[in-house]
Amino acid sequence: MIDLRSDTVTRPTPGMRAAMAAAEVGDDVYGEDPTVNALEAQVAAMFGHEAGLFAPTGSMANQVALQTLVPPGGELLCDADAHVVTYEVGAAAAYGGISSRTWPAAGGDLDPDLAAAMIRPAGYGAVPTRAVAVEQTHNRSGGQIIGLDVLRRLREVTAAVGVALHCDGARIWHAHVADGVPLAEYGALFDTLSVCLSKGLGAPVGSVLVGSAERVAAARVLRKRMGGGMRQAGVLAAAGRYALAHHVDRLADDHVRAARLARTLEPYGVVRSDQVRSNIVGLDLTKTPLAAPALAEAARADGVLVSVVGPTAARLVTHLDVDDAAVDRAGEVLGAILRR
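My aim in this report is to walk through the structure given alongside it, one point at a time. (Residues numbered from 1 in each chain as written. Predicted model: local features only at pLDDT ≥ 70, side-chain atom pairs only at ≥ 80, totals over all residues. Heavy atoms only, no water.)

### Considerations on the packing of helix α8 (residues 172-179) against helix α12 (residues 251-265)
Basically, it comes down to this: The axes used here are C-alpha line fits, helices contributing only the stretch in contact, and every angle between their N-to-C directions lies in the interval 0 to 180 degrees. The way it works is that DSSP assigns letters per residue, a run of H or I at least four long becomes a helix, a run of E at least two long becomes a strand, and they are numbered from the N terminus. Working definition: roughly parallel below 35 degrees, roughly antiparallel above 145 degrees, roughly perpendicular at 65 to 115 degrees, and oblique for all remaining angles. Residues are treated as being in contact if the distance between any of their heavy atoms lies within 4.5 Å. Throughout, the ten residues Ala, Val, Leu, Ile, Met, Phe, Trp, Tyr, Cys and Pro are labelled nonpolar, Asp, Glu, Lys and Arg are labelled charged, and all others, Gly among them, are labelled polar.
Between α8 and α12, the least distance of the axes is 9 Å, while the angle of their chain directions is 80 degrees. Classed by the angle they form, the pair α8 and α12 counts as roughly perpendicular. Residues Trp-173, His-174, Val-177 and Ala-178 of α8 form the contact with α12, whose participating residues are Leu-251, Ala-252, Asp-254 and His-255. The residue makeup of the contact of α8 with α12, split by class, is five nonpolar, two polar and one charged.

### Some thoughts on α12
Where we set the bar: Take the number of residues in a helix, subtract one, and multiply by 1.5 Å to get its expected span. Buried means the residue's accessible area, taken with a 1.4 Å probe over protein chains only, is under 20% of the maximum for its type, while exposed means over 50%, and partly exposed covers the values in between.
An ideal rise of 1.5 Å per residue puts 21 Å on 15 residues; α12 measures up with 21 Å between its terminal C-alpha atoms. Those residues of α12 that sit buried are Leu-251, Asp-254, His-255, Arg-257, Ala-258, Ala-259, Leu-261, Ala-262 and Leu-265.

### Re the layout of surface pockets
Using a probe with the size of a water molecule, rolled over the atoms, empty space left in the structure can be pinpointed. So the rule is basically this: Cavity means a closed set of points on a 1 Å grid over the protein atoms alone, one where a 1.4 Å probe fits but cannot get out, pocket means an open set with protein on both sides within 12 Å along at least 5 of 7 lines, and lining means a residue has an atom within 4 Å of a point. Grid points are joined across faces, edges and corners, and a volume is the space filled by probe spheres set on the points.
Of the volumes computed, that of the largest pocket is approximately 650 Å³. Forming the boundary of the largest pocket are 28 residues, of which Arg-140, Ser-141, Gly-142, Gln-275 and Gly-282 lie nearest the centre. When contributions to the lining of the largest pocket are tallied by element, the ones reaching two or more residues are β9 (280-284) and β12 (313-317). With four residues, the top contributor of residues to the lining of the largest pocket is β9. Residue composition of the lining of the largest pocket, by class: eleven nonpolar, ten polar and seven charged.

### Here's the deal with the side chain of His-49
Locating His-49 in the fold gives a position in the loop between α2 (34-46) and β2 (51-55). Each residue touching His-49, except ones within four places of it in the same chain, is listed here: Ala-44, Gly-187, Phe-190, Asp-191, Leu-193, Val-210, Gly-211 and Ser-212.

### Regarding helix α10 (residues 213-225)
For α10, built from 13 residues, the straight-helix expectation of 18 Å at 1.5 Å per residue is met to within 8% by its first-to-last C-alpha distance of 19 Å. Among the residues trailing α10, Gly-227 stands out with phi positive, at a value near 85 degrees.

### Quick notes on the sheet that holds β2
The line we're drawing: Strands are labelled as partners when DSSP assigns at least two bridges between them.
In space, the seven strands of this open sheet follow the order β2-β8-β7-β6-β5-β3-β4, with mixed pairing throughout. On the outer flanks of this sheet lie β2 and β4 (99-103), each paired with one strand and no other. Each neighbouring strand pair of the sheet contributes to a mean axis angle of 20 degrees, computed without reference to strand direction. Here five bridges tie β2 to strand β8 (residues 207-211), and the two strands are oriented antiparallel to one another.

The structure is reproduced here in structure tokens:
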């Protein structure tokens, strides 16, 4: 099977497995796992922040970050298609007592002035806005990248009214490679960032939350409350450290393969290749007679797995385990289905 459902389906490489087997470990709940400590310090330094916190999932890292930024009853603003309100099963409300309000789904075409106009101050009987969250790259928009100038403007408008800014940076590595923006420049714009090691970078588990030392200390308590305190987690952190050393620059290969796949499928009217800038190819089937589940079923029968993300929307994701031959074969299979 050629698995294009997600970049979370990768298997650890032999080098990564060796690093995991050799990892020095301790009890992380006591703060005594040296490999976890090294990973947290490394990622924090990469983004120019004081401290980091290793979490088992990106959803947990996002949610503990939001709870440090928004008190119960406070409001979070974000895109209507943001992962934090779409794919995290209501955790902000269920765990943090956070009220969410969204602007219309815009993906990478974020309008900072619209976000600014939606911010509600404390008082007047309204729920006060405490934080804004953005997603880089943006999953449901096909891996679109929010431009650095746009993020800078958003930071200006939120800082001016004392509202915090969080980045769900699950695939921020892709934005870094595609646009050449230093990670520390992204880091300087946000109060907190959650960055994933198991999407694109090929680690089996884990994300790291970065922020101030005070905020990360609070997040550590919240992580434990949510069941995320881990013991000898160095075997997992070692995979993350290996990924950072070996799998960041190679993301450019995934971008090239995604663009080639998009060009192959563009003649069928399901994607615009000029909009594919990272490793995600979103397929819009509204101009075809196919529904997304039917496309996925037909593709699976011919050895290609794709994600269904809506009745007429599917997603293809290139990653570490998909080489040139696999991309070419997937293009052939999907093209044949779309020609029927």
